[in-house]
Amino acid sequence: MGTLDFAKIEVGSELPSITKEITQEKINRYADASGDYNPIHIDPKFAENTMFKGTIGHGMMTLAYLSEMMTGCLGEGWICEGNLEVTFLGPTRPGKSYTAKGKVTDKREEGGRKLVECEVWCEDTEGNKVVAGKAIGAID
């Protein structure tokens, strides 16, 4: 079960954030799990000669952090009925930390379901957003 209580949620409330450090080892493990072995992620020598000047994390790995945050807030309502719409704004890099954040923008009852809509984003330690968008999910 999630941590949020629908009756107590207020529009504008911040969600409990989570912070993750990106390492090359985590990127490599994500490549193994996903089957995405694009050299921009796993080959430092190759990646050094790209516009990124080094390896970058998989975009879907960053989305997993946002989904982890939403699961912590909404629980099963996110897992079963969650929807995430985002724009990628920048890469994640090994050796840096990123924080998944969000705030409630709407709550409503629709078709017998209690829905929570949130603005969500992931940012680096300097506050630069690397992904941003919205999430909506049901809550018990």
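One structure accompanies this document, and this report is about it. (Residues numbered from 1 in each chain as written. Predicted model: local features only at pLDDT ≥ 70, side-chain atom pairs only at ≥ 80, totals over all residues. Heavy atoms only, no water.)

1. Some points on unusual backbone geometry
Phi is positive for Lys53, close to 60 degrees, though the residue is something other than glycine. Within the secondary structure layout, Lys53 lies in the loop between α3 (44-48) and α4 (59-74). Overall, the relative accessible area of 62% leaves Lys53 in the exposed class. (Helix = DSSP H or I, 4+ residues; strand = E, 2+ residues; numbered from the N terminus. Buried < 20%, exposed > 50% of the residue type's maximum accessible area, 1.4 Å probe, protein only.)

2. Considerations on the nonpolar core
Grouped together as the largest cluster of nonpolar side chains are 27 residues, with contacts concentrated most on Leu15, Met69, Met70, Leu74 and Val116. Of all the secondary structure elements, the ones that give two or more residues to this core are β1 (18-22), α4, β3 (96-110), β4 (113-124) and β5 (129-139). Considering each element in turn, this core owes the most residues, 8 residues, to α4. Setting aside residues no more than four positions away along its own chain, Met70 makes contact with Leu15, Gly75, Trp78, Cys118, Val120 and Ala135. (Core = buried A, V, L, I, M, F, W, Y, C linked by side-chain atoms within 4.5 Å. Contact = heavy atoms within 4.5 Å.)

3. Some remarks on the sheet that holds β3
Strand order in this open sheet of 5 strands is β1-β3-β4-β5-β2, and the pairing throughout is antiparallel. The sheet terminates laterally at β1 and β2 (83-88), the two strands that pair on one side only. Ignoring which end each strand starts from, the neighbouring axes of this sheet average 20 degrees apart. For β4 and β5, the ladder comprises 10 bridges, and the chain directions are antiparallel. Considered in β5, the bridge of Glu123 is made with Lys129. Here α4 sits on the sheet in contact with β1, β2, β3, β4 and β5, set at roughly 35 degrees to β5. (Pairing = 2+ DSSP bridges. Axes fitted to C-alpha atoms, helices over the stretch in contact; angles between N-to-C directions.)

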